[in-house]
Amino acid sequence: MSIKIEENASLKNLNSFAVEACCRYLVRLKKPEQLKEILADPRFEKLPRLILGGGSNILFRQDFPGFVIQVKNRGIQLLYEDDVHYFVQAAAGENWHAFVQHSLKQGWAGLENLSCIPGTVGAAPIQNIGAYGVELEERFHALNAIDLTTGEAITFDRDACQFSYRDSLFKKNRDHYLVTDVTFKLPKNPKWKLDYAGIHEMLDDTKPVSARAISDVVCQLRQKKLPDPTLIGNAGSFFKNPLVSDDRFQMLKADFPDMPAWPQSDDLIKLSAAWLIEQCGWKGKRYRDAGVSENHALVLVNHGNASGDEIWHLAEAIIHSVKEKYEIILQPEPLIL
Ligand code: EPU
C-alpha cells in the first residue's frame, strides 16, 4: 500500500510550542522502508525537507514550504550484552521518556538522569540531549540513518556523530540524514551521577540509591521548574548556556561577582543563560501571548495563541538586552524556521 501524503497539513499539534504553521506535504513514516517511495517522488527532490520527531525543539515562524517527514517507527530490543554493558536499540519514533522508563523496568540503568525529557529517541542524538549531569553521548553506541540524497543506509559510531554541547553532525547537516534507530551502551555496574544541584538532597537517604529513585527525583525536579508542554506550549530551554574562556569569565566576575559558572574542560567556563536573562528582568514577562516562564527564565512559553514570530520577537529582545548588559550573545537551542 502506498504511503499517504497529506497536503497543506497543519503542524500545530506536531510542535510543542503549539504555534500554527502549515506544511506543503506531510508524511507519517511508520517504517523506514516507506522512505523509498518518498525519495522516488519527483516533488521530494525539488522541495525543502524537514524531519520531525516530537517537535519539542523547534519554532515555526512561518509555514514550511516543503515535505515534513514525521518519524513514527517503533520497537526496542536488547541487541546483545557483554560482561560490562547492555547494547539496547530503540527505534527513532519511540517516545524518549517512555523508552527510559522501559529500560529501567528491564533493569538497564544509565539513562535515569535523562528522564522526563520531551521528544523522541531519534531526535535525542541530533542535539545531544543532556540533563542533571549526563549527556546522551556518554551512553551512546551507534545509530543507523538513511542518507536522503542517495537513499543509502549508513551506521554512525560515536566519533562519527561529532557530539558536543547540544550539537552533532546531524544538527549541522540538517535534513541530510534521517535517523532510523539508536543503540545505547548501558553499564551493568552503573556509577550514579548525583552531583547536580538538588538530586542528592531529594533522594531518600534511608534507602539505597537506585536508577529508579534517581529517575523519580529528576522528574520531580523537572516538573517543579519546567512548564509541562502539554499544558503550556514551550520547547524547554530556549537558549544554550554560553561557554566563555576563563579570561573572559574573570573579567565578567569582576563586574558581576554573583554570576554562577561551571568550569568545563579546556579552559571553558559555562555560564547560566537563565541567570543572565533573569538579571535583565525578563522572568515572567509577557509580549502578547508570548512569555518568559515565571518558574524558569530560560523557557519561553506560548500562553495561548502566540505566533512563532511573536515568540521569536521576544527571543530577539532578550538576546539584545543580554548583549547590552553582558556583551554575551545568546544562541537559541531550538531550530528556528
Ligand atoms: N537560574 C536562574 N534563574 C532561573 C533558573 C535558573 O538564575 O529562572 C540559574 C541558577 O543559578 C541555577 C542555574 O541557573 O542554578 C541552572 O539552572 P538549571 O539547573 O535549571 O539548569 P539550566 O542550565 O538552566 C540546563 C539544560 C536543561 C536541563 C538542566 C538540568 C541547557 C540549555 N539547558 O538548564 O535542559 O534540564 O540544565 O540539567 O543546557 C533543555 O535543553 O531543553 C533543557 C531543559
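Residues numbered from 1 in each chain as written. Predicted model: local features only at pLDDT ≥ 70, side-chain atom pairs only at ≥ 80, totals over all residues. Heavy atoms only, no water.

Focus: the state of the cysteines
And step 1. Scanning the model with the defined rule gives 1 disulfide in all.
And step 2. Two residues share a disulfide in this structure: Cys116 and Cys219, whose sulfurs sit 2.4 Å from each other. Between Cys116 and Cys219, the S-S torsion sits near 105°, and that sign places the bridge as right-handed. Of this pair, Cys116 sits in the loop between helix H3 (96-106) and strand E8 (130-131) while Cys219 sits in helix H6 (residues 211-225), and the two are 103 residues apart along the sequence.
And step 3. Under the relative-accessibility criterion, Cys116 is labelled partly exposed at 21%.
And step 4. Given a relative accessible area of 11%, Cys219 falls into the buried group. (Disulfide = S-S within 2.5 Å. Helix = DSSP H or I, 4+ residues; strand = E, 2+ residues; numbered from the N terminus. Buried < 20%, exposed > 50% of the residue type's maximum accessible area, 1.4 Å probe, protein only.)

Some words on the domain arrangement of the protein chain
And step 1. The domain boundaries assigned to the protein chain delineate domain 1 (5-71), domain 2 (76-223) and domain 3 (228-336).
And step 2. Using only C-alpha atoms to locate each centre, domain 2 and domain 3 end up separated by 25 Å.
And step 3. Domain 2 puts 6 residues into the contact, and the matching count from domain 3 is 7 residues.
And step 4. Summing both sides of the interface, domain 2 and domain 3 together bury roughly 610 Å²; the carbon and sulfur share of this comes to 51%.
And step 5. The largest per-residue losses of area from domain 2 upon contact with domain 3 belong to Tyr165, Arg166 and Arg174, which jointly make up 69% of the total buried on that side.
And step 6. In this structure, the connection of domain 2 to domain 3 is made through 1 salt bridge.
And step 7. The closest approach of N and O atoms between Arg166 and Glu333, which form a salt bridge, is 3.1 Å.
And step 8. By residue class, the composition of the side of domain 2 that touches domain 3 is 2 nonpolar, 1 polar and 3 charged. (Domains from an automatic or database assignment. Contact = heavy atoms within 4.5 Å. Buried area = accessible area lost by both parts, 1.4 Å probe. Salt bridge = Lys/Arg side-chain N within 4 Å of Asp/Glu carboxyl O. Nonpolar A, V, L, I, M, F, W, Y, C, P; charged D, E, K, R; others polar.)

Overview of the sheet that holds strand E16 (residues 268-271)
And step 1. Taken together, 3 strands build an open sheet; the order of strands is E14-E16-E15 and the sheet is antiparallel. Each edge of the open sheet carries a strand with a single partner, namely strand E14 (243-245) and strand E15 (261-263). Along the sheet, successive strands turn relative to each other by an average axial angle of 35°, direction set aside.
And step 2. Where E15 and E16 come together, 3 bridges link them in antiparallel fashion. Bridge pairing in E16 links Ala261 to Leu271.
And step 3. Along the sheet face, helix H7 (residues 246-255) touches E14, E15 and E16 and points at about 95° away from the line of E14. (Pairing = 2+ DSSP bridges. Axes fitted to C-alpha atoms, helices over the stretch in contact; angles between N-to-C directions.)

Side note on the site of the ligand
And step 1. Surveying the vicinity of the ligand reveals 25 residues, the closest of which are Tyr132, Tyr165, Tyr196, Glu278 and His296.
And step 2. Arg166 places a polar side-chain atom, nitrogen or oxygen, 2.8 Å from an oxygen atom of the ligand.
And step 3. A distance of 2.9 Å separates an oxygen atom of the ligand from a polar atom in the backbone of Ser237.
And step 4. Elements with a minimum of two residues in the shell around the ligand: E8, H6, strand E13 (233-237) and helix H8 (273-279). (Near = heavy atom within 4 Å. Polar contact = N/O pair within 3.5 Å; in protein donor to acceptor, adjacent residues only side chain to side chain.)

So, the sheet that holds strand E17 (residues 286-287)
And step 1. The strand order across the open sheet formed by 4 strands is E13-E19-E18-E17, and the pairing between neighbours is antiparallel. Of all the strands in the sheet, just E13 and E17 have a single pairing partner and so form its edges.
And step 2. As defined by bridge partners, strand E18 (residues 290-292) adjoins strand E19 (residues 299-302) across 3 bridges and the pair is classed as antiparallel. By the bridge assignment for E19, Gly291 is matched with Val301.
And step 3. On the sheet, helix H9 (residues 308-326) packs against E17, E18 and E19 and is oriented at approximately 40° with respect to E18.

Topic: the packing of H3 against H6
And step 1. Running from N to C, H3 and H6 cross one another at 155°; their axes reach a closest spacing of 10 Å. In terms of orientation, H3 and H6 fall into the roughly antiparallel class. Note on packing geometry: the crossing formed by H3 with H6 is left-handed. For the pair H3 and H6, the contacting residues are His97, Gln101 and Leu104 in the first and Ala211, Arg212, Ser215 and Cys219 in the second.
And step 2. Of the residues assigned to the contact of H3 with H6, the class counts are 3 nonpolar, 3 polar and 1 charged. (Parallel < 35°, antiparallel > 145°, perpendicular 65-115°, else oblique. Left-handed = near helix turned anticlockwise from the far one by under 90°.)

Notes on the pattern of salt bridges
And step 1. Inspection of every chain in the model, using the stated rule, returns 15 salt bridges.
And step 2. Residue Glu94 is joined to Arg74 by a salt bridge in which the shortest nitrogen-to-oxygen separation is 3.1 Å. Here the residue Glu94 occupies a position in the loop between strand E7 (85-91) and H3, and Arg74 occupies one in the loop between strand E5 (64-71) and strand E6 (76-81), the gap between them amounting to 20 residues.
And step 3. Accessibility expressed as a relative area gives 7% for Glu94, which makes it buried.
And step 4. Take Arg74: its relative accessible area is 62%, and that puts it in the exposed class.
And step 5. Of the charged contacts, one joins Glu138 and Lys193 as a salt bridge, the two residues approaching to 3.2 Å between their closest N and O atoms. Here Glu138, found in the loop between strand E9 (134-135) and strand E10 (140-147), pairs with Lys193, found in the loop between strand E12 (177-187) and helix H5 (199-202); they are 55 residues apart in sequence, far enough to count as distant.
And step 6. Owing to a relative accessible area of 30%, Glu138 belongs among the partly exposed residues under this scheme.
And step 7. The class of Lys193 is partly exposed, set by a relative accessible area of 33%.

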